[in-house]
2 protein chains.
Amino acid sequence: MKSDIEIAQASKLKPIHEIAAQVGLSAEDIEQYGKYKAKISLDVYRRLEHKPDGKLILVTAISPTPAGEGKSTTTVGLGQALGQLLENTDQNAMICLREPSLGPSFGMKGGAAGGGYSQIVPMEDINLHFTGDFHAITSAHNLLAALIDNHIHQGNALRFDVRRIAWNRVLDMNDRALRQIVVGLGGPANGVPRESGFDITVASEVMAVLCLAQDEQDLKERLKKMIIGYNADKAPITVADLGAEGAMAVLLKDAIQPNLVQTLEHTPALVHGGPFANIAHGCNSVIATKMALKLADYVVTEAGFGADLGAEKFFHIKCRQAGLSPAATVVVATIRALKMHGGIDKSALATPDAEAVREGLSNLSKHIENVQMFNVPVVVAINQFPTDSPEEIAVVTDWCKENGIPVALSEVFTKGGAGGLELAQQVLDLVNTRPGSLMFLYNQEDTIQVKIETIVREIYGGDGVQFTSKAQTMLKRIDEMGLSHLPVCMAKTQYSFSDNPNLRGRPEGFTITIRELKISAGAGFIVAITGDIMTMPGLPKVPAAMNMDLLAEGKITGLF
Amino acid sequence: MKSDIEIAQASKLKPIHEIAAQVGLSAEDIEQYGKYKAKISLDVYRRLEHKPDGKLILVTAISPTPAGEGKSTTTVGLGQALGQLLENTDQNAMICLREPSLGPSFGMKGGAAGGGYSQIVPMEDINLHFTGDFHAITSAHNLLAALIDNHIHQGNALRFDVRRIAWNRVLDMNDRALRQIVVGLGGPANGVPRESGFDITVASEVMAVLCLAQDEQDLKERLKKMIIGYNADKAPITVADLGAEGAMAVLLKDAIQPNLVQTLEHTPALVHGGPFANIAHGCNSVIATKMALKLADYVVTEAGFGADLGAEKFFHIKCRQAGLSPAATVVVATIRALKMHGGIDKSALATPDAEAVREGLSNLSKHIENVQMFNVPVVVAINQFPTDSPEEIAVVTDWCKENGIPVALSEVFTKGGAGGLELAQQVLDLVNTRPGSLMFLYNQEDTIQVKIETIVREIYGGDGVQFTSKAQTMLKRIDEMGLSHLPVCMAKTQYSFSDNPNLRGRPEGFTITIRELKISAGAGFIVAITGDIMTMPGLPKVPAAMNMDLLAEGKITGLF
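Residues numbered from 1 in each chain as written. Chains lettered and ligands numbered in written order. Predicted model: local features only at pLDDT ≥ 70, side-chain atom pairs only at ≥ 80, totals over all residues. Heavy atoms only, no water.

## Overview of the overall build of chain A
Heads up, the rule is: Put simply, DSSP marks the helices as runs of H or I at least four residues long and the strands as runs of E at least two long, and each gets a number from the N terminus on. Our radius of gyration is a C-alpha quantity, and the globule rule it is checked against amounts to 2.2 Å times the number of residues to the power 0.38. Burial classes follow relative accessibility: with a 1.4 Å probe on protein chains only, a residue under 20% of its type's maximum area counts as buried, one over 50% as exposed, and anything between as partly exposed. Residue contacts follow a heavy-atom distance rule, with two residues in contact if any of their heavy atoms lie within 4.5 Å. Counting rule applied: Lys, Arg positive; Asp, Glu negative; His and chain ends not counted. Just so you know, the charge point we use is NZ for Lys, CZ for Arg, CG for Asp and CD for Glu.
A tally of helices and strands in chain A yields 20 helices and 26 strands. Taken against the 2.2 N^0.38 rule, which gives 24 Å for 560 residues, the C-alpha radius of gyration of chain A at 23 Å falls within 12% of a compact globule. In terms of overall dimensions, chain A has a C-alpha envelope of 70 × 55 × 50 Å along the principal axes. The buried share of chain A, taken over its 560 residues, is 64%. Long-range pairs, those at least 24 residues apart, make up 75% of the contacts in chain A between residues at least 6 apart in sequence. On chain A, the mean spot of the 51 positive side-chain charges and the mean spot of the 62 negative ones are 4 Å from each other.

## Here we look at the domain arrangement of chain A
All names here are of chain A. Stated formally: Each domain's extent was defined by an automatic or database domain assignment. Buried area, as used here, totals the accessible surface that two parts lose on assembly, with accessibility defined by a 1.4 Å probe and the loss added over both. Put simply, a salt bridge is a Lys or Arg side-chain nitrogen that is within 4 Å of an Asp or Glu carboxyl oxygen.
On domain assignment, one finds that chain A holds domain 1 (4-131 + 255-433), domain 2 (134-251) and domain 3 (448-529). Inter-centroid distance (C-alpha atoms) of domain 1 to domain 2 is 33 Å. With 29 residues of domain 1 at the contact, the number on the domain 2 side is 20 residues. Carbon and sulfur atoms supply 63% of the area that domain 1 and domain 2 bury against each other, a total of about 2000 Å² over both sides. Our count for the contact surface shared by domain 1 and domain 2 stands at one salt bridge. Taking the shortest distance from any N to any O, the salt bridge between R46 and E216 comes out at 3.2 Å. Among the elements of the structure, α3 (42-48), α5 (102-105), α12 (286-295) and α13 (310-322) are those that each provide at least two residues to the side of domain 1 that touches domain 2.

## Some remarks on the relation of the copies chain A and chain B
Each of the two chain copies goes to the other by way of a rotation about an axis and a shift along it. Operational definition: Least-squares superposition of the copies uses the C-alpha atoms of those residues scoring a pLDDT of at least 70 in each of them.
With an RMSD of 0.0 Å, chain A superimposes on chain B once it is rotated by 180° and translated 0.0 Å along the axis. The superposition operator between the copies reduces to a two-fold rotation axis. Every residue of chain A has its C-alpha some distance from the rotation axis, and the shortest such distance is that of Y33 of chain A, at 2.1 Å. A share of 100% of interface residues in chain A that are also interface residues in chain B marks the association as one of identical surfaces.

## What to know about the pairing of strand β4 (residues 93-97) of chain A
All names here are of chain A. Our working rule: Note on pairing: two strands pair once DSSP finds at least 2 bridges between them.
Counting buried positions along β4 gives five out of five residues, so the element sits mostly inside the fold. Judged by which residues are buried, β4 turns out to be covered on both faces: A93, I95 and L97 on one side and M94 and C96 on the other are all buried. Here β4 pairs with strand β16 (residues 298-302) via four bridges, running parallel. The partner of A93 across the bridge, within β16, is Y298. Alignment of β4 against strand β15 (residues 268-271), held across three bridges, turns out to be parallel. Bridge assignment links L97 to a residue of β15, and that residue is V271.

## Section: unusual backbone geometry
Residues and elements named next belong to chain A. Backbone torsion omega between V121 and P122 reads 5°, so that peptide bond is classified as cis. Of note, P122 is situated in the loop between β6 (118-121) and α6 (123-127). We note that N156 has phi near 55°; this positive angle belongs to a residue other than glycine. Tracing the chain through its elements places N156 in the loop between α7 (133-153) and β7 (160-165).

## Quick word on the environment of A113 of chain B
Residue and element names in this part refer to chain B. Mapped onto the fold, A113 is located in the loop between α5 (102-105) and β5 (114-115). On the basis of relative accessibility, which here comes to 2%, the residue A113 falls in the buried class. For the pair A113 and N88, spaced 25 residues apart in sequence, the C-alpha separation works out to 27 Å. Discounting residues that sit within four places of it in the chain, A113 has contacts with S118, Q119, I120 and N127.

## Concerning the pattern of salt bridges
All told, the structure shown has 52 salt bridges over all chains when counted by the stated rule. Salt-bridge contacts for R47 of chain B lead to D29 of chain B; the nearest nitrogen and oxygen are separated by 2.8 Å. With R47 of chain B in helix α3 (residues 42-48) and D29 of chain B in the loop between α2 (16-22) and β1 (30-32), the pair connects residues that are 18 residues apart, well separated along the chain. Since its relative accessible area comes to 41%, R47 of chain B is described here as partly exposed. The salt bridge partner of D233 of chain B is R159 of chain B, with a shortest N-O separation of 2.8 Å. Of the two residues, D233 of chain B sits in the loop between β12 (227-231) and β13 (236-238) while R159 of chain B sits in the loop between α7 (133-153) and β7 (160-165), which places them 74 residues apart along the sequence. Residue classification places R159 of chain B among the partly exposed residues on the basis of a relative accessible area of 41%. Within this structure, K37 and D125 of chain A together with K253 and D254 of chain B form a network of salt bridges that share partners.

Written out as structure tokens, the structure is:
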């Protein structure tokens, strides 16, 4: 089989205005960025606001393992399959995905635009600068940082405590040397020396804000609320205090518009925003999802990491804030990954082992239970690999049937939409007969502590929560600041239900330690940090960058 | 009169494919970025390579003063006026300008897209992210920086001396706190601690490289030659040694294509690249200029700062490397600025003072002599202000006529192209009767020392050059490295022919001190630094950002 980039480069794309026309958009509704990318004006949403929404389908997964699950590939493949099933009907399907981060592309090999015959294209553009959204977010974030240091340098009227600035700078680059730095050296002309650092752009609160904003006005309101530091009395200083939200919004005026692209089979896809899935909520923008629900009858989207993190945050943060209610959830699993959850080492995954698959079902079943707790029905997608044996697959399908869970094999990687027709049919049957109606596991009025405990006990299956003294102090401060009504954004390892990445399957008898709490007042959540969360990745020994090249006539090699 | 942004927002733009059609380009030749911006494929140049070039007209100016000269406005206005004059002929005109830097827009008020009724539009986009070129350059530059620090962290096989890394990071932001920093703090996981800093993106050698490259292949060759540090034996380490040029070129694949926009009067304009005018050569890309010369009969372009810096570098660096020969040069002057060169303080410029204007002619006359030394004929444009008295204007026009220099009043700021018809006619007459044929003031084989001395004596009118011991050491090293054949890029104050910004007019009896020499081996020049050159600006007490806002429906206020 060809590589992802070979498949993508060999594909015949439709001009983007034809894709737009498929969902009823005129040339006036879009701004083309080259022949195959476009931004959609928010006026389109305002015009269609009265229309009933389409049905929202969330794709999530079991706890990730090094074996890979193929969540994005399944999302794209399911969208393509729905497109095939609906071809001669008056209904249509659309996909919503996150934008990939540029920096990591040059580190580890691997794109974020699906794979095989289920990709969004033009994949090189999507994985490089795309329509510049992340650059705009980087600029807005760093403008704020420059304004903060300039404010201090020019007299510090807001009395920032330079030891308590809560705003790093960002770059869309894997650059460990910038994690911890000292700025403002070299004398009075260069500002005030202080400790600081850079995060990767996807970890910026501006990214989370943009992805949760309903429109330009809401964007500005959220920007204003962001806490950028504390004064000598430890009182928070916000963007509103500095007056920077207008200039930041100016920089974000195009970035807030969702981007339209297509899949290899010409299914329309909105690819917009990409917040971190640990210190943020990890899904594409609210604006893109809401726009897609006006433009299509079925919208397939995904959430970062496994369902314990991705789906929980999708429901409790994104859906709650935006008033969305998914009709169904697809939980993606692979035989290989289930074997790892069943205790098998990565090196032994090629050997059939039905018993290990059965063991690993503990992980899948807990994720299914969790989604069902939100009153959203589940379809299981087995993302098939060539090494999967019929006995292994039967373990999963039999178990699903015994438990009344719709299940389908998915071969979208090798076959495109045609490999996902059974899955698509299962999804259609489900959402048209017994769609979900989202319920939440905690109330907004619950304290932050109660919210965290609810997630740990009910979703993770843990025995309880420990708060460090630092976290306890923050709990009190959050309460004093009147922010206890915010939802919680858990920053936990994605590899386990527990906070120990080595505990695969369905661990029991563990507690979770909350090391620290971080206020994202603009995004509108409290981040509960359970371990060391890396907000600036590093490059590996041999970065993927070393294999990349630009050949004559602008052809790229080595990118995935 | 309305503000620049009000005029720009009130203007009726043509769809960019119509502008493209004006210069013979089809929809296939361009990639649209929204409705009013497009990138032009380099294939267009390859297709038209056999066509004879149009005539190149350089717009330059007297030494800048706080009174302002209006060089960009004159460039745009002259292009518009040529468009009007040529309207019913089979000839056409085009403009080539630099892209403005995003960062400074949020510092001091003031755009870089012309002014009044002589602007390029859409001015907000051009002054904000435009087509993302500067973001791509920032990414490519910082990828290289991350790869350098990662190389050191992973074992330092190239034996970088961490005290002699010659590669900062960049941001397109005015951020003084980043000028001098310490990176790599926080323990072994975060890399190796060392001193470093950030420059503004326009100061990146990647910017200069992109602007001097002939095509993708030349871009990579230039990137490879860039010196990024020195090893323990003080031998240079280049991008080629690290192997990063391919990945950098991948990031620059779109940025290398020139951007097509239009003026308020629909004159086609290529706006592409914007290197610093001090530590780099300060003019738009070679690719844009060469492309424009294939698409139009007359191409108006500009160079940064006054003619002593901008025109000299345009001729000696850009024209020499690219094989260009300008047919004429327009030297822009204002009565106000001439009065400042004649000794008048900024506060007294509104008072008519013909004698001060006469005194100030010393500055204009020296710039004219300089351009003529390159065998390029001169037209003087007096960029008119409401406060200019007829007597003051007569001083300049009379002097020009006495000396056989074509001269014209320009009212392009208030009247658009109609205000520049006389100027345009003078230019047409000149380039069609006695066009220039570029000669150089020094030979490539001259030593760096001789090249600098030639510029100082002949262009600046100085008595000689002093080299600090640091600079002398560098002269020797450059010679040992076999780089003496490169042209010199002078980094000197733009406010005076001397290296003392307070010496206006035509100072005499001064020497120039070369403090330091910097090798830009990729760009292909040696930077001779005469004073403190600021490569990362700061924000003022009240940054322009504070007045900016994004209103409902995406309208911007406060940007210029």
